[in-house]
Amino acid sequence: MSVNLFRQRQRGAALPVMLIMMLVMLVTSIYLLRSSNSATLAASNLAYDATLSRAVDFGLHSGFQWLSETASASKASLNESDEAHGYSATLDTTLTPNDKNFWQNSVEIEDADGNRISYVIHRMCSQTGGFSKTGQDCVLTSANTVKIGNKVAIGESLASDAPAYASSPQVHYVITARIDGVRGGNVINQLAVLIGA
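Nothing here was measured: the structure is a model prediction, and the numbers come from that model.

Participant: Would you explain the overall build of the protein in this entry?
Facilitator: Secondary structure assignment for the protein yields two helices and six strands. In sequence order, the protein lays out its α and β elements as α-α-β-β-β-β-β-β. Sequence separation of at least 24 residues holds for 61% of the intrachain contacts in the protein that already meet a minimum separation of 6. For the protein, the accessible area works out to roughly 14200 Å², and carbon and sulfur atoms hold 56% of it.

Here you go:
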């Protein structure tokens, strides 16, 4: 009889509690898996975007190199467009890099990794011709007269109150480069260049 006293009916309260805990753990593991997948995809997309951005910088460098060499040879040649090199002596401010006409006469180059990059160069002026032409509107900046280092040009003074006359202004140019990635992403970078007129 004493054995029957200890044998009472079991209610099974532990089983529902354990099932609820298992369900919570299952849902938590699903969310953990999803968040780790999202973090991996985000990191992958950021790395892909950085790779495209580095590749498009090659287009900016190529455009800058052509602009620099042309300005060194003859600044006057920059007063007219050079379609073969993707250069336009004017900038239509109604167009953005998303417009097809913005990329008219663009130059397409290929980097060492096989990426195809397009670039265009625009002089920030309303018309072709020199910056002082009647009716011409150009974005100009006064030349920087600050000297770095110890050398002083002939005719200049080291006196702090010596007059500093501005030379001819600097004309603004904008180089725009883009790349269309294989996964549907694209990157557009721009570089502003100032060249003395």
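Participant: Sorry, what's going on with the packing of aromatic side chains here?
Facilitator: The relation between two aromatic rings is expressed through the spacing of the ring centres and the mutual angle of the planes. With the rule as written, the count across this model stands at three aromatic pairs. With a centroid separation of 6.4 Å and an interplanar angle of 35°, the aromatic rings of tyrosine 87 and tyrosine 173 are classed as tilted. Residue tyrosine 87 is located in strand E1 (residues 87–88), and its partner tyrosine 173 is located in strand E5 (residues 170–180); the two are separated by 86 residues in the primary sequence. Residue classification places tyrosine 173 among the buried positions, given a relative accessible area of 4%. Plain terms: the ring middles of phenylalanine 102 and tryptophan 103 are 5.5 Å apart, the flat faces sit at 75° to each other, and that makes the pair edge-to-face. In terms of burial, phenylalanine 102 and tryptophan 103 fall into one category: buried. A network of ring pairs unites the aromatic residues Trp66, Tyr87 and Tyr173 as a single cluster.

Participant: Where do I start with the environment of tyrosine 119 in this structure?
Facilitator: Position of tyrosine 119 relative to the elements: it lies in strand E3 (residues 116–123). In this structure, tyrosine 119 is in contact with Gly59, Ser62, Gly63, His85, Trp103, Ser106, Val107, Ile109, Thr176 and Ala177, ignoring residues within four places of it in sequence.

Participant: Which parts of the structure should I look at to understand the pattern of salt bridges?
Facilitator: Where charged atoms of side chains with opposite charge meet at close range, the side chains can pair. Inspection of the entire model under this criterion finds two salt bridges. Of the charged contacts, one joins arginine 116 and glutamate 110 as a salt bridge, the two residues approaching to 2.6 Å between their closest N and O atoms. The partly exposed category is assigned to glutamate 110, whose relative accessible area is 45%. What you see here is one network of salt bridges that share partners, running through Glu108, Glu110 and Arg116.

Participant: Even after reading the chapter, I still don't get the nonpolar core, so can you show me in this structure?
Facilitator: Note that soluble globular proteins tend to have their nonpolar side chains buried in a common cluster. Of all hydrophobic cores here, the largest spans 26 residues; its most connected members are Leu67, Leu78, Tyr87, Ile121, Tyr173, Ile179 and Ile195. Among the secondary structure elements, those contributing two or more residues to this core are helix H2 (14–73), strand E2 (107–110), E3, E5 and strand E6 (186–196). Residue contributions to this core peak at eight residues, all from H2.

Participant: So what exactly am I meant to see when it comes to the side chain of histidine 122 here?
Facilitator: The residue histidine 122 is located in strand E3 in this model. Ignoring any residue separated from it by four or fewer positions in sequence, one finds histidine 122 in contact with Ser88, Thr90, Leu91, Phe102, His172, Tyr173 and Val174.

Participant: So what exactly am I meant to see when it comes to the pairing of E5 here?
Facilitator: For a regular strand, side chains alternate in direction, first toward one face of the sheet and then toward the other. Within E5, eight of the 11 residues are buried, which leaves the element mostly enclosed by the surrounding structure. Summarising the sheet, E3 and E5 pair through seven bridges and their orientation is antiparallel. Considered in E5, the bridge of valine 120 is made with threonine 176. As paired elements, strand E4 (residues 140–141) and E5 share two bridges and run antiparallel to each other. Considered in E5, the bridge of threonine 141 is made with glutamine 170. For E5 and E6, the ladder comprises 11 bridges, and the chain directions are antiparallel. Pairing of isoleucine 179 across the sheet is with valine 187, part of E6.

Participant: Would you mind showing me how to read H2 here?
Facilitator: Between its first and last C-alpha, H2 extends 88 Å over 60 residues, near the 88 Å set by a 1.5 Å rise per residue. Taken together, the buried positions of H2 are Tyr48, Leu52, Ala55, Val56, Gly59, Leu60, Ser62, Gly63, Trp66, Leu67, Thr70 and Ala71. Its buried side turned inward, H2 meets E1, E2, E3, E5 and E6.

Participant: In this structure, what is going on with the state of the cysteines? I would like to understand it.
Facilitator: Think of a disulfide as a covalent bridge from one cysteine sulfur atom to another cysteine sulfur atom. Taken as a whole and assessed by the stated rule, the structure comprises one disulfide. Here cysteine 125 connects covalently by a disulfide to cysteine 138, the sulfurs 1.9 Å from one another. With the S-S bond torsion at 115°, the cross-link from cysteine 125 to cysteine 138 turns out right-handed. One end of the pair, cysteine 125, is in the loop between E3 and E4; the other, cysteine 138, is in the loop between E3 and E4, and 13 residues separate them in sequence. With a relative accessible area of 19%, cysteine 138 lands in the buried category.

Criteria and cut-off values
Residues numbered from 1 in each chain as written. Predicted model: local features only at pLDDT ≥ 70, side-chain atom pairs only at ≥ 80, totals over all residues. Heavy atoms only, no water. Helix = DSSP H or I, 4+ residues; strand = E, 2+ residues; numbered from the N terminus. Contact = heavy atoms within 4.5 Å. Areas by Shrake-Rupley, 256 points an atom, 1.4 Å probe, with all protein chains shown as cover. Phe/Tyr/Trp six-rings, centres within 6.5 Å; stacked < 30°, edge-to-face > 60°. Buried < 20%, exposed > 50% of the residue type's maximum accessible area, 1.4 Å probe, protein only. Salt bridge = Lys/Arg side-chain N within 4 Å of Asp/Glu carboxyl O. Core = buried A, V, L, I, M, F, W, Y, C linked by side-chain atoms within 4.5 Å. Pairing = 2+ DSSP bridges. Expected span 1.5 Å × (residues − 1). Disulfide = S-S within 2.5 Å.

The values reported here are purely geometric and, on their own, carry no functional implication.
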